[in-house]
Amino acid sequence: MKILIVCDAFPPEFAPRMGYLCKYLSRMGCQSDIVCEHYADDRRFAFLEGHARNVKRIRFYRSLRMPKPKTEWGLLMLRDVFFRYKERRLVKEIRKDTSFSGYDLVLCSSCRTFPLGAGLALARHFDVPLVADLRDIVEQYPDKSYLSHHLPFSRIVDAWYTRRMLKERNRVLAKAAAVTSVSPWHVEFLKRFNPNTHLIYNGYDPELFFPEPKPDPYFRIVFTGRLISLRNRDPEWLFRATAELLKSGRVDKDDFRLCWYVDEESRRHILSSAKEHGLEDIIECSGFIPADHVPDLLNRASVLLQLANISDENGPKGVMTTKLFESLAMGKPLLLVPGDRSYLEQILRKYDCGAAAGSVDDIERFIVEKYDEWKREGLVRQEVHPDIPRLFSRERQAEQFLRLFKNVLKDA
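Residues numbered from 1 in each chain as written. Predicted model: local features only at pLDDT ≥ 70, side-chain atom pairs only at ≥ 80, totals over all residues. Heavy atoms only, no water.

*Asks:* Would you mind going over the overall build of the protein in detail, with residue names and values included?
*Replies:* A tally of regular secondary structure across the protein gives 14 helices and 13 strands. The C-alpha radius of gyration computed for the protein amounts to 22 Å, which stays within 12% of the reference 22 Å derived for 412 residues, consistent with globular compactness. Its C-alpha atoms put the protein at 65 × 50 × 35 Å along the principal axes. In the protein, which comprises 412 residues, the proportion classed as buried is 58%. Residue pairs in contact within the protein that sit at least 24 positions apart in sequence constitute 77% of those at least 6 positions apart. (Helix = DSSP H or I, 4+ residues; strand = E, 2+ residues; numbered from the N terminus. Rg over C-alpha atoms; globule rule 2.2 N^0.38 Å. Buried < 20%, exposed > 50% of the residue type's maximum accessible area, 1.4 Å probe, protein only. Contact = heavy atoms within 4.5 Å.)

This is the structure we're talking about:
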(Lines give C-alpha, C1' and ligand atoms only; values in the text may rest on other atoms or scores of the structure.)
Protein backbone atom coordinates (compact mmCIF):
# COMPACT_ATOMS: atom_id res chain seq x y z
CA MET A 1 0.00 0.00 0.00
CA LYS A 2 1.24 3.47 -0.90
CA ILE A 3 -0.11 6.41 1.12
CA LEU A 4 0.19 10.17 0.78
CA ILE A 5 0.09 11.82 4.20
CA VAL A 6 -0.89 15.50 4.16
CA CYS A 7 -0.34 17.11 7.55
CA ASP A 8 0.26 20.41 9.29
CA ALA A 9 3.69 19.37 10.60
CA PHE A 10 5.92 16.29 10.58
CA PRO A 11 8.99 15.10 12.51
CA PRO A 12 11.60 16.24 13.29
CA GLU A 13 9.41 19.29 13.97
CA PHE A 14 6.24 17.94 15.60
CA ALA A 15 3.17 15.73 14.93
CA PRO A 16 4.59 12.57 16.54
CA ARG A 17 1.30 10.78 15.81
CA MET A 18 2.13 10.80 12.10
CA GLY A 19 5.83 10.15 12.72
CA TYR A 20 5.15 7.01 14.74
CA LEU A 21 2.51 5.92 12.23
CA CYS A 22 5.08 6.04 9.41
CA LYS A 23 7.58 4.14 11.56
CA TYR A 24 5.27 1.20 12.10
CA LEU A 25 3.50 1.29 8.72
CA SER A 26 6.90 0.95 7.04
CA ARG A 27 7.44 -2.29 8.99
CA MET A 28 4.07 -3.50 7.73
CA GLY A 29 5.08 -3.01 4.11
CA CYS A 30 3.43 0.38 3.51
CA GLN A 31 5.17 3.28 1.79
CA SER A 32 4.40 6.81 2.94
CA ASP A 33 5.07 10.15 1.28
CA ILE A 34 4.63 13.35 3.31
CA VAL A 35 3.68 16.90 2.43
CA CYS A 36 3.44 19.42 5.27
CA GLU A 37 4.17 22.97 6.38
CA HIS A 38 7.69 23.89 7.43
CA TYR A 39 7.23 25.42 10.86
CA ALA A 40 10.58 25.88 12.57
CA ASP A 41 14.05 24.49 13.06
CA ASP A 42 12.82 22.21 15.84
CA ARG A 43 14.41 18.77 16.07
CA ARG A 44 12.77 17.31 19.17
CA PHE A 45 11.51 14.39 17.10
CA ALA A 46 14.59 13.87 14.94
CA PHE A 47 14.69 10.19 15.93
CA LEU A 48 11.49 9.66 13.89
CA GLU A 49 13.10 10.70 10.62
CA GLY A 50 13.77 8.19 7.86
CA HIS A 51 10.53 6.18 7.90
CA ALA A 52 8.84 8.04 5.02
CA ARG A 53 9.94 7.75 1.39
CA ASN A 54 9.54 11.44 0.44
CA VAL A 55 9.03 14.44 2.73
CA LYS A 56 8.20 17.82 1.19
CA ARG A 57 7.99 20.81 3.53
CA ILE A 58 6.36 24.00 2.27
CA ARG A 59 7.60 27.19 3.88
CA PHE A 60 4.90 29.87 4.12
CA TYR A 61 6.50 32.29 6.59
CA ARG A 62 9.78 34.14 6.42
CA SER A 63 10.23 33.80 10.16
CA LEU A 64 10.89 30.31 11.51
CA ARG A 65 10.38 31.14 15.17
CA MET A 66 7.24 30.19 17.10
CA PRO A 67 4.89 31.84 17.67
CA LYS A 68 5.04 33.76 14.42
CA PRO A 69 5.41 37.56 14.46
CA LYS A 70 1.92 39.00 14.78
CA THR A 71 1.97 41.09 11.61
CA GLU A 72 3.26 38.28 9.40
CA TRP A 73 0.81 35.82 10.93
CA GLY A 74 -2.12 38.20 10.45
CA LEU A 75 -1.35 39.00 6.81
CA LEU A 76 -0.96 35.34 5.87
CA MET A 77 -4.10 34.43 7.81
CA LEU A 78 -6.12 36.94 5.77
CA ARG A 79 -4.68 35.60 2.49
CA ASP A 80 -5.50 32.12 3.65
CA VAL A 81 -9.08 32.87 4.72
CA PHE A 82 -9.99 34.78 1.57
CA PHE A 83 -7.96 32.86 -1.02
CA ARG A 84 -7.01 29.54 0.68
CA TYR A 85 -3.42 30.48 -0.08
CA LYS A 86 -1.63 27.80 1.94
CA GLU A 87 -3.69 24.88 0.71
CA ARG A 88 -3.65 26.02 -2.93
CA ARG A 89 0.11 26.34 -2.83
CA LEU A 90 0.57 22.99 -1.11
CA VAL A 91 -1.56 21.26 -3.76
CA LYS A 92 0.28 23.04 -6.57
CA GLU A 93 3.66 21.93 -5.23
CA ILE A 94 2.62 18.27 -5.16
CA ARG A 95 0.94 18.29 -8.56
CA LYS A 96 4.12 19.51 -10.26
CA ASP A 97 6.43 17.07 -8.39
CA THR A 98 6.47 13.83 -10.38
CA SER A 99 8.03 11.90 -7.48
CA PHE A 100 4.66 12.14 -5.73
CA SER A 101 2.41 9.69 -7.58
CA GLY A 102 0.71 6.29 -7.60
CA TYR A 103 -1.15 6.42 -4.27
CA ASP A 104 -3.83 4.08 -2.96
CA LEU A 105 -5.11 6.53 -0.35
CA VAL A 106 -4.62 10.02 1.11
CA LEU A 107 -4.47 10.47 4.89
CA CYS A 108 -4.79 14.06 6.10
CA SER A 109 -3.94 14.79 9.74
CA SER A 110 -4.78 18.16 11.29
CA CYS A 111 -4.81 19.76 14.73
CA ARG A 112 -7.73 22.02 13.65
CA THR A 113 -8.51 22.59 9.93
CA PHE A 114 -5.39 23.14 7.81
CA PRO A 115 -4.58 21.24 5.58
CA LEU A 116 -7.86 19.29 5.26
CA GLY A 117 -8.87 21.15 2.10
CA ALA A 118 -5.55 20.30 0.47
CA GLY A 119 -5.97 16.67 1.50
CA LEU A 120 -9.36 16.51 -0.20
CA ALA A 121 -8.04 18.24 -3.36
CA LEU A 122 -5.10 15.82 -3.59
CA ALA A 123 -7.34 12.79 -3.02
CA ARG A 124 -9.44 13.97 -5.95
CA HIS A 125 -6.32 14.65 -8.03
CA PHE A 126 -5.04 11.10 -7.49
CA ASP A 127 -8.59 9.67 -7.63
CA VAL A 128 -8.26 7.87 -4.29
CA PRO A 129 -10.21 7.94 -0.97
CA LEU A 130 -9.46 10.47 1.77
CA VAL A 131 -9.17 9.56 5.47
CA ALA A 132 -9.21 12.62 7.76
CA ASP A 133 -7.44 12.44 11.15
CA LEU A 134 -8.33 15.14 13.72
CA ARG A 135 -5.86 15.37 16.62
CA ASP A 136 -7.53 18.45 18.14
CA ILE A 137 -10.63 20.45 17.31
CA VAL A 138 -11.64 24.01 18.10
CA GLU A 139 -14.67 22.95 20.15
CA GLN A 140 -12.52 21.19 22.78
CA TYR A 141 -10.98 24.48 23.99
CA PRO A 142 -12.72 26.55 26.71
CA ASP A 143 -11.21 29.76 25.31
CA LYS A 144 -9.46 30.94 22.15
CA SER A 145 -6.10 29.45 23.09
CA TYR A 146 -6.11 27.57 19.78
CA LEU A 147 -5.16 30.91 18.15
CA SER A 148 -1.49 31.89 18.36
CA HIS A 149 -2.36 35.60 18.06
CA HIS A 150 -5.38 37.84 18.47
CA LEU A 151 -5.85 40.63 15.93
CA PRO A 152 -7.28 44.15 16.43
CA PHE A 153 -11.04 44.01 17.02
CA SER A 154 -10.28 40.46 18.13
CA ARG A 155 -13.77 39.55 19.33
CA ILE A 156 -15.24 40.17 15.88
CA VAL A 157 -12.29 38.93 13.84
CA ASP A 158 -11.69 35.80 15.93
CA ALA A 159 -15.36 34.82 15.73
CA TRP A 160 -15.43 35.36 11.97
CA TYR A 161 -12.18 33.43 11.45
CA THR A 162 -13.38 30.55 13.60
CA ARG A 163 -16.66 30.28 11.66
CA ARG A 164 -14.78 30.14 8.37
CA MET A 165 -12.37 27.55 9.73
CA LEU A 166 -15.14 25.29 11.06
CA LYS A 167 -17.19 25.58 7.88
CA GLU A 168 -14.19 24.40 5.82
CA ARG A 169 -13.41 21.58 8.26
CA ASN A 170 -16.97 20.28 8.27
CA ARG A 171 -17.17 20.45 4.47
CA VAL A 172 -14.13 18.19 4.13
CA LEU A 173 -15.18 15.78 6.87
CA ALA A 174 -18.50 15.18 5.13
CA LYS A 175 -16.65 14.16 1.94
CA ALA A 176 -14.03 11.94 3.60
CA ALA A 177 -14.31 8.17 3.26
CA ALA A 178 -13.56 7.90 7.00
CA VAL A 179 -12.56 10.07 9.95
CA THR A 180 -10.36 9.24 12.95
CA SER A 181 -9.78 11.08 16.22
CA VAL A 182 -8.17 10.73 19.62
CA SER A 183 -10.84 10.43 22.34
CA PRO A 184 -14.40 9.15 22.77
CA TRP A 185 -15.61 12.75 23.12
CA HIS A 186 -14.00 13.74 19.81
CA VAL A 187 -15.48 10.73 18.03
CA GLU A 188 -19.02 11.38 19.23
CA PHE A 189 -18.74 15.07 18.36
CA LEU A 190 -17.34 14.46 14.87
CA LYS A 191 -19.92 11.79 14.00
CA ARG A 192 -22.41 14.60 13.40
CA PHE A 193 -20.34 15.51 10.31
CA ASN A 194 -19.32 12.00 9.22
CA PRO A 195 -20.89 8.92 10.83
CA ASN A 196 -17.91 6.78 9.73
CA THR A 197 -15.72 8.20 12.52
CA HIS A 198 -13.36 5.97 14.51
CA LEU A 199 -11.38 6.17 17.75
CA ILE A 200 -7.62 5.72 17.50
CA TYR A 201 -5.96 6.96 20.68
CA ASN A 202 -2.64 8.69 20.88
CA GLY A 203 -0.16 6.40 22.56
CA TYR A 204 3.45 5.57 23.37
CA ASP A 205 6.27 3.81 21.58
CA PRO A 206 7.10 0.63 23.56
CA GLU A 207 10.63 0.71 22.14
CA LEU A 208 11.23 3.99 24.00
CA PHE A 209 8.83 4.10 26.93
CA PHE A 210 9.17 1.23 29.40
CA PRO A 211 9.91 0.94 33.14
CA GLU A 212 13.57 1.17 34.04
CA PRO A 213 13.53 2.89 37.46
CA LYS A 214 16.64 4.84 38.37
CA PRO A 215 17.52 6.16 41.85
CA ASP A 216 17.74 9.92 42.23
CA PRO A 217 18.88 12.03 45.19
CA TYR A 218 15.68 14.10 44.92
CA PHE A 219 12.00 13.24 45.10
CA ARG A 220 10.92 14.68 41.74
CA ILE A 221 7.43 15.46 40.50
CA VAL A 222 7.89 15.92 36.74
CA PHE A 223 5.78 17.65 34.10
CA THR A 224 6.60 17.81 30.39
CA GLY A 225 4.52 19.77 27.90
CA ARG A 226 2.62 23.07 27.71
CA LEU A 227 0.03 24.71 29.92
CA ILE A 228 -1.70 26.13 26.77
CA SER A 229 -3.89 28.27 29.06
CA LEU A 230 -4.94 28.10 32.71
CA ARG A 231 -8.47 27.15 31.65
CA ASN A 232 -6.95 24.06 30.03
CA ARG A 233 -4.25 23.18 32.57
CA ASP A 234 -3.94 24.83 35.94
CA PRO A 235 -1.14 23.99 38.45
CA GLU A 236 -2.57 26.22 41.23
CA TRP A 237 -3.75 23.35 43.45
CA LEU A 238 -0.34 21.68 43.20
CA PHE A 239 1.44 24.86 44.31
CA ARG A 240 -0.95 25.34 47.22
CA ALA A 241 -0.54 21.72 48.35
CA THR A 242 3.25 21.85 48.06
CA ALA A 243 3.46 25.10 50.03
CA GLU A 244 1.40 23.55 52.82
CA LEU A 245 3.51 20.36 52.89
CA LEU A 246 6.73 22.36 53.18
CA LYS A 247 5.26 24.62 55.86
CA SER A 248 4.08 21.65 57.94
CA GLY A 249 7.37 19.78 57.52
CA ARG A 250 5.79 16.73 55.89
CA VAL A 251 8.27 17.08 53.02
CA ASP A 252 11.76 18.56 53.15
CA LYS A 253 12.80 21.33 50.75
CA ASP A 254 16.33 19.87 50.70
CA ASP A 255 15.25 16.75 48.77
CA PHE A 256 11.90 17.71 47.17
CA ARG A 257 11.63 19.17 43.64
CA LEU A 258 8.89 20.21 41.20
CA CYS A 259 10.46 19.81 37.75
CA TRP A 260 9.05 21.43 34.61
CA TYR A 261 10.09 20.93 30.97
CA VAL A 262 7.95 23.46 29.17
CA ASP A 263 7.78 26.23 26.56
CA GLU A 264 8.81 29.79 27.43
CA GLU A 265 5.27 31.10 28.01
CA SER A 266 4.47 28.26 30.41
CA ARG A 267 7.82 28.77 32.13
CA ARG A 268 7.05 32.42 32.86
CA HIS A 269 3.72 31.55 34.46
CA ILE A 270 5.16 28.69 36.52
CA LEU A 271 8.01 30.78 37.92
CA SER A 272 5.67 33.69 38.70
CA SER A 273 3.15 31.45 40.46
CA ALA A 274 5.89 29.58 42.33
CA LYS A 275 7.20 32.89 43.65
CA GLU A 276 3.72 33.85 44.89
CA HIS A 277 3.64 30.62 46.91
CA GLY A 278 7.26 30.88 48.15
CA LEU A 279 8.39 27.81 46.20
CA GLU A 280 11.36 29.25 44.28
CA ASP A 281 13.85 26.98 46.09
CA ILE A 282 12.20 23.72 45.01
CA ILE A 283 11.31 24.61 41.40
CA GLU A 284 13.42 23.37 38.47
CA CYS A 285 12.15 24.89 35.22
CA SER A 286 13.74 23.99 31.87
CA GLY A 287 12.83 24.14 28.19
CA PHE A 288 11.67 21.29 26.02
CA ILE A 289 14.09 18.40 25.57
CA PRO A 290 14.38 15.94 22.64
CA ALA A 291 11.45 13.55 22.83
CA ASP A 292 13.65 10.45 22.92
CA HIS A 293 15.32 11.82 26.09
CA VAL A 294 11.99 11.97 27.93
CA PRO A 295 11.93 8.26 28.99
CA ASP A 296 15.14 8.64 31.00
CA LEU A 297 13.70 11.76 32.64
CA LEU A 298 10.51 9.92 33.59
CA ASN A 299 12.38 6.88 34.88
CA ARG A 300 14.26 9.15 37.32
CA ALA A 301 11.05 10.81 38.52
CA SER A 302 9.09 9.74 41.59
CA VAL A 303 5.70 11.07 40.43
CA LEU A 304 4.57 11.98 36.90
CA LEU A 305 2.34 15.03 36.73
CA GLN A 306 -0.60 15.49 34.38
CA LEU A 307 -2.28 18.90 34.45
CA ALA A 308 -5.91 19.31 33.46
CA ASN A 309 -9.06 21.16 34.38
CA ILE A 310 -12.65 20.14 35.00
CA SER A 311 -14.28 19.00 31.75
CA ASP A 312 -17.70 20.64 31.74
CA GLU A 313 -19.64 23.07 29.55
CA ASN A 314 -17.09 25.81 30.24
CA GLY A 315 -13.97 23.65 30.49
CA PRO A 316 -11.70 21.64 28.17
CA LYS A 317 -13.23 18.58 26.51
CA GLY A 318 -11.90 15.27 25.28
CA VAL A 319 -8.32 15.85 26.45
CA MET A 320 -6.18 12.78 25.71
CA THR A 321 -2.59 13.91 25.44
CA THR A 322 0.29 11.79 24.20
CA LYS A 323 2.00 12.56 27.53
CA LEU A 324 -0.69 10.61 29.38
CA PHE A 325 0.00 7.37 27.51
CA GLU A 326 3.76 7.76 27.71
CA SER A 327 3.38 8.17 31.47
CA LEU A 328 1.12 5.11 31.74
CA ALA A 329 3.92 2.94 30.34
CA MET A 330 6.64 4.04 32.76
CA GLY A 331 5.79 2.20 35.95
CA LYS A 332 5.52 5.43 37.96
CA PRO A 333 2.43 6.87 39.72
CA LEU A 334 0.51 9.60 37.91
CA LEU A 335 -0.96 12.63 39.63
CA LEU A 336 -3.77 14.37 37.72
CA VAL A 337 -4.29 17.99 38.88
CA PRO A 338 -7.15 18.67 39.06
CA GLY A 339 -9.20 15.61 38.15
CA ASP A 340 -11.11 16.38 34.94
CA ARG A 341 -14.19 14.30 35.95
CA SER A 342 -14.02 12.83 32.48
CA TYR A 343 -11.87 10.53 30.32
CA LEU A 344 -8.46 11.29 31.89
CA GLU A 345 -9.81 10.53 35.34
CA GLN A 346 -11.55 7.39 34.07
CA ILE A 347 -8.29 6.03 32.65
CA LEU A 348 -6.40 6.65 35.90
CA ARG A 349 -9.09 4.85 37.88
CA LYS A 350 -9.58 2.00 35.39
CA TYR A 351 -5.89 1.13 35.18
CA ASP A 352 -5.10 1.96 38.83
CA CYS A 353 -2.07 4.05 37.88
CA GLY A 354 -2.33 7.08 40.13
CA ALA A 355 -4.67 9.68 41.59
CA ALA A 356 -7.06 12.28 40.21
CA ALA A 357 -7.14 15.18 42.65
CA GLY A 358 -10.57 16.42 43.67
CA SER A 359 -9.09 18.85 46.21
CA VAL A 360 -5.84 20.28 47.54
CA ASP A 361 -6.07 17.79 50.42
CA ASP A 362 -6.09 14.90 47.91
CA ILE A 363 -2.81 16.16 46.47
CA GLU A 364 -1.23 16.48 49.90
CA ARG A 365 -2.20 12.92 50.89
CA PHE A 366 -0.94 11.46 47.60
CA ILE A 367 2.40 13.29 47.71
CA VAL A 368 3.05 12.35 51.35
CA GLU A 369 2.30 8.68 50.62
CA LYS A 370 4.74 8.60 47.69
CA TYR A 371 7.35 10.74 49.44
CA ASP A 372 7.36 8.35 52.42
CA GLU A 373 7.72 5.40 50.02
CA TRP A 374 10.67 7.12 48.35
CA LYS A 375 12.28 7.71 51.75
CA ARG A 376 11.90 4.02 52.66
CA GLU A 377 12.68 2.34 49.34
CA GLY A 378 14.81 4.88 47.47
CA LEU A 379 12.40 4.60 44.53
CA VAL A 380 8.69 4.96 43.80
CA ARG A 381 7.13 2.26 41.61
CA GLN A 382 3.71 1.70 40.10
CA GLU A 383 2.83 -1.60 38.47
CA VAL A 384 1.90 -1.21 34.81
CA HIS A 385 -1.55 -2.66 34.11
CA PRO A 386 -1.22 -5.58 31.62
CA ASP A 387 -3.80 -4.06 29.25
CA ILE A 388 -1.84 -0.83 28.73
CA PRO A 389 0.76 -2.19 26.24
CA ARG A 390 -1.97 -3.98 24.30
CA LEU A 391 -4.29 -0.97 24.05
CA PHE A 392 -2.05 2.08 23.79
CA SER A 393 1.12 1.18 21.89
CA ARG A 394 1.96 3.07 18.69
CA GLU A 395 2.32 -0.26 16.89
CA ARG A 396 -1.27 -1.18 17.71
CA GLN A 397 -2.45 2.21 16.49
CA ALA A 398 -0.66 1.65 13.18
CA GLU A 399 -2.48 -1.68 12.92
CA GLN A 400 -5.78 0.13 13.53
CA PHE A 401 -5.02 2.68 10.81
CA LEU A 402 -3.99 -0.04 8.37
CA ARG A 403 -7.15 -2.05 9.03
CA LEU A 404 -9.24 1.08 8.45
CA PHE A 405 -7.37 1.86 5.22
CA LYS A 406 -8.05 -1.65 3.90
CA ASN A 407 -11.75 -1.35 4.73
CA VAL A 408 -11.95 2.04 3.01
CA LEU A 409 -10.28 0.66 -0.12
CA LYS A 410 -12.53 -2.39 -0.11
CA ASP A 411 -15.61 -0.14 -0.03
CA ALA A 412 -14.29 2.39 -2.57
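*Asks:* Account for the sheet that holds strand E5 (residues 130-134), with residues named and values stated.
*Replies:* With parallel pairing, the seven strands of this open sheet are ordered in space as E3-E2-E1-E4-E5-E6-E7. In the strand order of this sheet, the two ends are held by strand E3 (54-58) and strand E7 (197-199), each with one partner. Direction aside, neighbouring strands of the sheet carry axes that sit 20° apart on average. Judged from the five bridges that link them, strand E2 (residues 31-37) and E3 form a sheet pairing that is parallel. (Pairing = 2+ DSSP bridges. Axes fitted to C-alpha atoms, helices over the stretch in contact; angles between N-to-C directions.)

*Asks:* An account of the environment of Tyr 204 is needed here, citing residue identities and associated values.
*Replies:* With respect to the element layout, Tyr 204 can be found in the loop between E7 and strand E8 (219-225). Here the alpha-carbon distance between Tyr 204 and Val 360, two residues 156 residues apart in the chain, equals 30 Å. Dropping the residues within four chain positions of it, Tyr 204 is found in contact with Phe 209, Phe 325, Glu 326, Ala 329, Ile 388, Pro 389, Phe 392, Ser 393 and Arg 394.

*Asks:* How would you sum up helix H4 (residues 116-126)? Please name residues and give values.
*Replies:* In terms of residue burial, H4 counts as a mostly covered element, since eight of its 11 residues are buried. Those residues of H4 not exposed but buried are Leu 116, Gly 117, Ala 118, Gly 119, Leu 120, Leu 122, Ala 123 and Phe 126. Backbone geometry just after H4 places Asp 127 at a positive phi near 55°.

*Asks:* Tell me what's going on with the side chain of Lys 56, and back it up with residues and numbers.
*Replies:* Residue placement: Lys 56 occurs in strand E3. At 3.0 Å, the side chain of Lys 56 forms a polar contact with the side chain of Asp 97. When neighbours within four sequence positions are excluded, Lys 56 is seen to be in contact with Ile 34, Val 35, Cys 36, Glu 93, Ile 94, Asp 97 and Phe 100. (Polar contact = N/O pair within 3.5 Å; in protein donor to acceptor, adjacent residues only side chain to side chain.)

*Asks:* An account of the layout of surface pockets is needed here, citing residue identities and associated values.
*Replies:* Where empty space is left becomes clear once a probe the size of a water molecule has been rolled over the atoms. Roughly 200 Å³ of volume is contained in the second largest pocket. Forming the walls of the second largest pocket are Pro 184, Tyr 201, Met 320, Tyr 343, Gln 346, Ile 347, Lys 350, Tyr 351, Leu 391, Phe 392 and Arg 396. Secondary-structure elements contributing two or more residues to the lining of the second largest pocket are helix H11 (343-350) and helix H13 (387-392). The element best represented in the lining of the second largest pocket is H11, accounting for four residues. (1 Å grid on protein atoms, 1.4 Å probe; cavity = no way out; pocket = protein on both sides within 12 Å on 5 of 7 lines; lining within 4 Å. Points joined across faces, edges and corners; volume = space filled by probe spheres on them.)

*Asks:* Run through the sheet that holds strand E11 (residues 303-307), naming residues and quoting values.
*Replies:* Read from one edge to the other, the open sheet built from six strands follows the order E10-E9-E8-E11-E12-E13, with strand pairing classed as parallel. The open sheet is flanked by strand E10 (283-286) and strand E13 (354-356), the only strands paired with a single partner. Across the sheet, the axes of successive neighbouring strands diverge by a mean angle of 20°, strand direction being ignored. By the bridge criterion, four bridges tie strand E9 (residues 256-262) to E10 in an arrangement that is parallel. Its bridge partner being in E10, Trp 260 is matched across the sheet by Cys 285. Most of the contacts of helix H7 (residues 236-248) go to E9, to which it runs at about 160°, and overall it touches E9, E10, E11 and strand E12 (334-337).

*Asks:* If you had to explain the pattern of salt bridges to someone new, which residues and values would you point to?
*Replies:* For the structure on display, the rule yields 31 salt bridges. Between Arg 220 and Glu 284 there is a salt bridge, and its shortest N-O distance comes to 2.8 Å. Placement of the pair is Arg 220 in strand E8 and Glu 284 in strand E10, with a sequence separation of 64 residues. Of the residues examined, Arg 220 reaches a relative accessible area of 16% and is grouped as buried. Under the relative-accessibility criterion, Glu 284 is labelled partly exposed at 28%. The salt bridge partner of Arg 349 is Glu 345, with a shortest N-O separation of 2.7 Å. Residue Arg 349 and its partner Glu 345 are both found in helix H11; the two are separated by four residues, about one turn of the helix. Classification of Glu 345 as buried rests on a relative accessible area of 13%. (Salt bridge = Lys/Arg side-chain N within 4 Å of Asp/Glu carboxyl O.)

*Asks:* Report on unusual backbone geometry, specifying residues and quantitative values.
*Replies:* A cis amide bond links Phe 114 with the next residue in sequence, Pro 115, at an omega value of 5°. Residue placement: Pro 115 occurs in the loop between strand E4 (105-110) and H4. That bond from Val 337 to Pro 338 is cis: its omega, -20°, falls within 30 degrees of zero. Here Pro 338 is to be found in the loop between E12 and H11. One non-glycine residue, Ala 15, adopts positive backbone phi at about 55°. Topologically, Ala 15 is positioned in the loop between strand E1 (2-7) and helix H1 (16-27). Judged by relative accessible area, Ala 15 falls into the buried class, the value being 1%.

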